[in-house]
Amino acid sequence: MTKKIIVWALVLLLAFQLVTALGIRPAKTTIIYEETPVSSRQFWVVNNDRQELDLVISAEGELGKYLTLTTKEVTLTPEDDFKPVYFEIDLPENLPSGEALGNIVVEQRLTSTEEGLIASKLVLKHKIIAVGDYPDKYIAAKLNFHDQGDKIEFVSEVENLGKEDISEIQTTFYINDKEQRPHSLQTEKLSLSTKETTLLRASLKRDLFQLGEFEVSAVTSFDDQKIELRKILRVGQPEVEITYFDPYFIAYKINQYSLDLLNKWNTEVKNVFVDVEVKKDGKKIDEFRTKSVDIEGEMIQRITDYLDAKDKEPGKYTFEMVVNFWNTVRMDQKIFQYESEFVSEKEAEDIVRTPPLVGQAVAVSGAASTSTSTILLWVIIGILLGGIGFYVVYRYFHKEEYD
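Residues numbered from 1 in each chain as written. Predicted model: local features only at pLDDT ≥ 70, side-chain atom pairs only at ≥ 80, totals over all residues. Heavy atoms only, no water.

To continue, consider the layout of surface pockets. Here the second largest pocket is characterised by a volume of approximately 240 Å³. What lines the second largest pocket is a set of 13 residues, among which Val-131, Gly-132, Tyr-134, Leu-161 and Lys-195 lie closest to the centre. Mapped by element, the contributors of at least two residues to the lining of the second largest pocket are β8 (98-108) and β9 (123-132). Classifying every residue of the lining of the second largest pocket gives four nonpolar, three polar and six charged. (1 Å grid on protein atoms, 1.4 Å probe; cavity = no way out; pocket = protein on both sides within 12 Å on 5 of 7 lines; lining within 4 Å. Points joined across faces, edges and corners; volume = space filled by probe spheres on them. Helix = DSSP H or I, 4+ residues; strand = E, 2+ residues; numbered from the N terminus. Nonpolar A, V, L, I, M, F, W, Y, C, P; charged D, E, K, R; others polar.)

Moving on, we come to the nonpolar core. Membership of the largest hydrophobic core comes to 27 residues, with the highest contact counts inside it found for Leu-261, Val-272, Phe-319, Met-321 and Val-323. With five residues, the top contributor of residues to this core is strand β21 (residues 269-280). Leave out the neighbours within four places in its chain, and Leu-261 touches Val-240, Glu-241, Ile-242, Val-272, Val-274, Val-293, Ile-295, Met-299, Ile-300, Gln-301, Ile-303 and Val-323. The next biggest cluster of nonpolar side chains, apart from the first, holds 26 residues, and it includes Tyr-33, Phe-43, Leu-53 and Val-74. (Core = buried A, V, L, I, M, F, W, Y, C linked by side-chain atoms within 4.5 Å. Buried < 20%, exposed > 50% of the residue type's maximum accessible area, 1.4 Å probe, protein only. Contact = heavy atoms within 4.5 Å.)

One pass over the structure, following the stated rule, counts 27 salt bridges. Of the charged contacts in the structure, one is a salt bridge between Asp-223 and Lys-137, with a shortest N-O distance of 2.8 Å. Taken together, the residues Asp-223 in the loop between β16 (212-222) and β17 (225-235) and Lys-137 in the loop between β9 and β10 (139-147) connect sequence positions 86 residues apart. For the salt bridge of Glu-213 with Arg-234, the shortest nitrogen-to-oxygen distance reads 3.3 Å. Of the two residues, Glu-213 is situated in strand β16 and Arg-234 in strand β17; the sequence distance between them amounts to 21 residues. Counted as one network, the salt bridges with shared partners bring together Glu-239, Glu-241, Lys-264 and Lys-334. (Salt bridge = Lys/Arg side-chain N within 4 Å of Asp/Glu carboxyl O.)

With antiparallel pairing, three strands are arranged side by side in an open sheet as β18-β20-β24. Pairing within the sheet leaves two strands with one partner each, and these edge strands are β18 (240-245) and β24 (300-308). Within this sheet the neighbouring strands show an average axis-to-axis angle of 30°, counted without direction. Sheet topology note: the β18/strand β20 (residues 254-263) ladder contains five bridges and is antiparallel. Residue pairing for β20: Phe-245 is matched across the bridge by Leu-259. (Pairing = 2+ DSSP bridges. Axes fitted to C-alpha atoms, helices over the stretch in contact; angles between N-to-C directions.)

Turning to unusual backbone geometry, a few remarks are in order. In the segment running from Arg-25 into Pro-26, the intervening peptide bond is cis, with an omega of -10°. If you trace the backbone, Pro-26 turns up in the loop between β1 (22-25) and β2 (28-32). Here Gln-180, not a glycine, exhibits a phi torsion of approximately 65°, which is positive. Within the secondary structure, Gln-180 is located in the loop between β12 (166-176) and β13 (182-186). The backbone of Asp-281 shows a phi angle near 55°, a positive value even though the residue is not glycine. Position of Asp-281 among the secondary structure elements: in the loop between β21 and β22 (283-289). On the accessibility criterion, Asp-281 (69% relative accessible area) is exposed.

We now examine the confidence of the model for the chain. Scored by pLDDT, the chain comes out at a mean of 86, with 82% of its residues at no less than 70. Note that residues 360-373 has pLDDT below 50 and, in this model, six contacts with residues that lie over four places away or in other chains. (pLDDT = per-residue confidence, 0-100.)

Here the focus is the side chain of His-126. Note on placement: His-126 falls in strand β9. Given the relative accessible area of 0%, His-126 is considered buried. Among the polar contacts made by the side chain of His-126, one reaches the side chain of Thr-29 at a distance of 2.7 Å. Not counting the four nearest positions on each side in its chain, His-126 is found in contact with Ile-24, Pro-26, Ala-27, Lys-28, Thr-29, Phe-43, Gly-102, Asn-103 and Ile-104. (Polar contact = N/O pair within 3.5 Å; in protein donor to acceptor, adjacent residues only side chain to side chain.)

Before going further, it helps to examine the pairing of β10. With nine bridges joining them, β10 and strand β11 (residues 151-160) adopt antiparallel strand pairing. Bridging from a neighbouring strand, Leu-143 pairs with Ser-156 of β11. In this structure, the hairpin formed by β10 and β11 is closed by a connection of three residues, where Gly-149 is found at a positive phi of approximately 90°.

Here it is as structure tokens:
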């Protein structure tokens, strides 16, 4: 393992030295189709450290087949400060609107002697951007969000890249809140001159959302045309809490333990595990790491494993736990503390050590509401059944009146 680390360290060091030794100026070439569909261009390979290098030039990407390389090889000597690379581009007539990309690759050619050694082959790229001809009416749009504490602002950034002014432009945002209720938000209507950029804004109360991810659709209408963007709104950060840990263990034995993790995020969080420190009278006496689990959105997942208590005497122990996971972002670490009693086998006979059932995460208010609704339903059913029973008995004793 140590040898591998050393080898990779040497490779990275060589790569870093090569990257600093060579440069490309400028880093990219932008070609506007409307102005120059056929173009002869050049860039420079800069020999920063005055090394002797053999370089091979090639083209790649969607524009690769439209690039003709006049320079296919470059040899640098210690006396060379820089050398040019010449190329031509002949763009097709049907080049789509917007940007098309390609690269001219400058790659070091290794000699047969170098290939048998630890070596890193240098590869640098010069980016080619071809901008297709825009129609009369054309916009580029971006979708962003701003958390402003009490509300979330939805922003549509639009740029008129067409040849004509836009008389009326407006964005409508569509999103479902934490209760899956749909919302549609319309921005103001504006006009937009050619080459002009503007921001179209709307907002919603932040308390309509909870922790989690929500898909937003932004439909921008401009002069009887439409463009739609979709993006994920993330409110808060993924959060996983410990909701249960066994309060009792048997001293001097290997015990099975149960630990419940609540995913407060509304989508799955992967690779969740807990680092645990065991303390007695404030001193650390043991540590372990749980196995990892994936937890569905707003669900509780139980980890069941074994705790070695063969060297632990009866008494109170403190378990300090840190939940770890990787999701869209690294979570803020938070310490959860549980106290567990280690008892003798005889004492354990009188203790119920069965962990609670696990299931979907339901807020206390939601659970109370559900419970109240259930009771009310049974009361109504009881009243109805009682009324029907009373009516049947009444008709039986007064059947002569109805005959």
